[in-house]
Amino acid sequence: MTPVAAVDQTPDGDARQSPVARFRVTQDQRRVLYAIAAAIVLFAVGGLIRPGFASMESVEAVLTVACFVGIVAAGQTFVILIGGIDLSVPWTLNAGAILMMASAASSNGRMPLALALTLGMGAVVGLCNGVGIAIFGVPAVVMTLAMNGMLEGLTLGLSGGLTCPTCAAYAPSLLQAVAHGTIVGIPAILWLWIAIILIASFVLSFTTFGRGAYAIGNNARASLLAGVHVTRTTIVLYALSGAFSSLAGIMLLGFGGQASLGIGDPYLFQSIAAAVIGGVYIAGGRGHYIGAAAGAVSLVALVSVLMALNMPEYGRSITYGVIILLLLLLYGRESSEG
Amino acid sequence: MSDAAVAMRRSRWSHGLAQNVGFALALVLLVSSIVVYCAIYFIAQRRLPGGFEVTTTVNNTMPLVFAGVGQAIVVITRGIDLSIGGVIDLTNAIAALYLGDSLPSMVVCSLCVLLVGAACGLFNGLLIAYGRVQPILVTLATLAIFQGLAIRVLPSPGGQVPPEFTAMFANMNAPVSLIYILLLIGFWFCFRRTSLGVGLYAIGNDEQAAQAHAVNVIRTRIAAYVLGGVFAAIAGLFMAASATAGDATTGNGYTLRSIVAVVLGGVNLFGGRGSPIGAVVGAFVSAMIVNILFFAQIDPLYQSFFEGLFLVVAVLATGGIGRFMRARA
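Residues numbered from 1 in each chain as written. Chains lettered and ligands numbered in written order. Predicted model: local features only at pLDDT ≥ 70, side-chain atom pairs only at ≥ 80, totals over all residues. Heavy atoms only, no water.

Draft legend 1. Geometry of the interface of chain A and chain B. Each side of the interface is counted separately: chain A has 42 residues, and chain B has 38 residues. Across the chain A to chain B interface the summed buried area is about 3400 Å²; carbon plus sulfur atoms make up 79%. The interface formed by chain A and chain B includes zero salt bridges. Seen at the junction of chain A and chain B, the total is five residue pairs in polar contact (both at pLDDT 80 or more). Elements that contribute at least two residues to the side of chain A that touches chain B include exactly helix H5 (140-158), helix H11 (265-277) and helix H13 (313-331) of chain A. Here the element with the most residues in the side of chain A that touches chain B is H5 of chain A; it accounts for 13 residues. Class assignment for the residues of the side of chain A that touches chain B results in 27 nonpolar, 10 polar and five charged. (Contact = heavy atoms within 4.5 Å. Buried area = accessible area lost by both parts, 1.4 Å probe. Salt bridge = Lys/Arg side-chain N within 4 Å of Asp/Glu carboxyl O. Polar contact = N/O pair within 3.5 Å; in protein donor to acceptor, adjacent residues only side chain to side chain. Helix = DSSP H or I, 4+ residues; strand = E, 2+ residues; numbered from the N terminus. Nonpolar A, V, L, I, M, F, W, Y, C, P; charged D, E, K, R; others polar.)

Draft legend 2. Structural view of unusual backbone geometry. All names here are of chain B. Notably, Arg78 is not glycine yet its phi reads approximately 65°, a positive angle. Structurally, the position occupied by Arg78 is in the loop between helix H3 (51-76) and helix H4 (84-98). Unusually for a residue other than glycine, Gln297 sits at a positive phi of about 55°. Here Gln297 lies in the loop between helix H13 (276-295) and helix H14 (303-328). According to the relative accessible area criterion, Gln297 is exposed, its value standing at 70%. (Buried < 20%, exposed > 50% of the residue type's maximum accessible area, 1.4 Å probe, protein only.)

Draft legend 3. Summary view of helix H7 (residues 188-206) of chain A. Taking 1.5 Å per residue, 19 residues should reach 27 Å; H7 of chain A reaches 27 Å between its end C-alpha atoms and fits that length. If you check which residues of H7 of chain A are buried, you get Ala188, Ile189, Leu190, Trp193, Ile196, Ile197, Ala200 and Leu204 of chain A. (Expected span 1.5 Å × (residues − 1).)

Draft legend 4. Layout of the nonpolar core. Counting residues in hydrophobic clusters, the biggest one holds 178 residues, and the most contacted among them are Ile71, Trp193 and Tyr289 of chain A together with Phe66 of chain B. Here this core gets 14 residues from one element, more than from any other, and that element is helix H2 (residues 56-81) of chain A. If you look at the next biggest cluster of nonpolar residues, it comprises 13 residues, including Ile98, Leu175, Leu253 and Ala259 of chain A. (Core = buried A, V, L, I, M, F, W, Y, C linked by side-chain atoms within 4.5 Å.)

Draft legend 5. Here's a closer look at the packing of H2 of chain A against H11 of chain A. Residue and element names in this part refer to chain A. For the pair H2 and H11, interaxial distance at closest approach is 8 Å and the crossing angle is 65°. When the interaxial angle is binned, H2 and H11 end up roughly perpendicular. When you trace H2 past H11, the crossing you get is right-handed. Residues Phe68, Val69, Val72, Ala73, Gln76, Thr77 and Ile80 of H2 pack against Tyr267, Leu268, Gln270, Ser271, Ile272, Ala274 and Ala275 of H11. For the contact of H2 with H11, the residue count by class is 10 nonpolar, four polar and no charged. (Axes fitted to C-alpha atoms, helices over the stretch in contact; angles between N-to-C directions. Parallel < 35°, antiparallel > 145°, perpendicular 65-115°, else oblique. Left-handed = near helix turned anticlockwise from the far one by under 90°.)

Draft legend 6. Structural detail: the pattern of salt bridges. Residue and element names in this part refer to chain B. Overall, the coordinates contain two salt bridges over all chains when judged by the stated rule. Here Arg221 ties to Glu207 by a salt bridge, and the two come within 3.3 Å at their closest N and O atoms. Highlighted residues: Arg221 in helix H11 (residues 217-243) and Glu207 in helix H10 (residues 207-212), separated in sequence by 14 residues.

Below you can see the structure in the form of structure tokens.
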């Protein structure tokens with residue numbers, strides 16, 4: 001074999017001669033960059049269509065809406081990384097918003113307790129998912145689908161179809177103030193999201209726990225043999241997903257003032273789409289949360305552009321589907337031998 | 001008969017049972033849910049359910065039966081079709097808008113509706129087989145497209161279905177629709193022996209091995225999604241017949257409900273095991289659960305709680321008993 005000096009083997013195995021090998025990014029990183037580029041292009045296109053779309057306030061509004069999708073997508077990314085999926089997002093989110101509203105009963109004093117209760121509820125829901133999947137071997141699709149149904153029934157039943165005495169309450173004024181407030185000119189919920197992005201990326205990339213999650217997604221059996229706590233990691237990640245869904249519910253409640261039935265429904269498909277647009281591989285083991293976050297921004301920017309075009313609902317739905325398909329064909333493809 | 005022959009026959013029986021344990025359990029589930037339903041009905045009404053109850057249950061379950069069969073065919077190839085709800089929306093809307101009163105018009109229009117379903121499935125299949133994108137993602141995106149098209153066709157609930165069409169597919173007086181289930185079973189028993197039918201199971205079990213045994217993986221996969229689309233279109237026709245009008249959003253729930261029917265029917269979500277007939281049984285099981293909850297006077301608000309709980313318990317039980325049977329066999 002002749003030695004080839006300039007060939008640089010990337011982890012993905014695509015060997016290629018490159019004079020700028022130093023600046024080379026891996027395929028996974030490239031997908032994150034694509035998602036960020038897509039968001040920027042969408043803002044530019046929006047700005048061309050409607051002057052002011054790319055203005056500071058408008059970008060801020062898009063980012064704020066993207067924040068809800070992004071936080072749900074954090075949990076979704078975690079479970080997709082280990083080869084799972086969380087279909088219980090809609091009603092975990094909805095139950096979270098209603099539980100927060102009903103338990104806080106418009107009072108700021110009861111807010112800490114209500115917060116703990118709601119986040120705890122989300123975590124317990126996720127915990128049950130994780131236990132069913134990791135210990136009892138129920139397929140993730142079935143377990144989380146059933147959990148979504150159970151939560152829907154419990155939420156509707158226990159709140160009497162949102163007619164319970166405290167169901168007419170408003171979000172505590174403090175929560176509303178936080179949701180609408182700004183810190184150093186940037187909305188408070190964006191700060192929260194930035195913090196989540198930093199922490200999630202750090203945990204996934206630089207801790208044993210996070211690397212274990214990638215290992216499980218690539219090969220659960222091999223990682224078990226290599227000493228990864230597969231069961232524990234799986235349960236914790238599902239619990240986190242539940243907690244993130246309920247957190248998004250709390251924030252939506254703070255943002256909108258009141259919870260309603262069905263507010264969680266759009267977030268299932270959007271969270272999966274955001275993760276995939278951001279380069280998270282749906283079969284697990286690859287991807288970064290920062291990509292999913294960029295995916296959430298692209299998705300919301302896309303919807304905003306379509307709305308700026310005054311496109312009717314059906315047109316938005318079709319265009320949305322077509323663009324996601326194009327993105328998938330662009331970089332969601334599997335290698336032909338896989 | 002010699003002891004050896006008896007032993008062999010018994011082992012073949014238990015082997016067959018172990019191989020089809022999902023389907024056998026689905027049947028057990030169906031029988032026990034019917035028994036429970038009759039008991040609860042008797043307690044509430046002081047008589048056994050009669051022809052009217054059977055007819056309404058059958059008519060209301062037909063769309064789910066066909067949606068479940070479509071989903072099962074795709075799931076057997078280790079895929080999943082989330083766009084089924086969208087195809088039902090679209091075909092239901094088209095049927096309600098264009099079905100005419102005369103027989104030729106009904107036939108032509110129904111065939112066109114089936115073609116639309118096939119086209120939707122073909123679109124999915126081409127993207128999945130040639131585009132090499134994961135089925136769950138492709139069908140998630142096409143779901144949005146088909147739903148959008150459905151709303152474009154029928155912006156608000158309406159349209160009209162001729163009474164003759166309703167009499168044929170959702171007869172109020174007798175459970176005529178059971179004929180279609182018999183036809184379906186007949187179709188499947190012929191189809192699963194064709195090379196295409198065998199290919200579905202082959203690529204669901206091991207795609208590379210199937211390829212090595214000269215199964216055309218790409219064509220088989222596309223065919224699975226086309227069949228899924230056609231069956232979803234049939235579900236849309238049945239829904240139009242029983243509702244006597246169209247609504248471009250009622251199909252949405254069928255994506256998840258078809259998966260529930262498939263799982264209750266003992267079809268393995270990881271492909272290669274189970275049959276669409278199981279999904280038919282699963283569809284009736286989920287219909288019986290709704291009936292039981294209704295006559296047990298459980299607050300309808302709690303309905304999805306019990307459905308979800310039942311799904312988990314059923315899957316756990318199936319898994320546990322299946323492992324036990326296979327360990328014995």
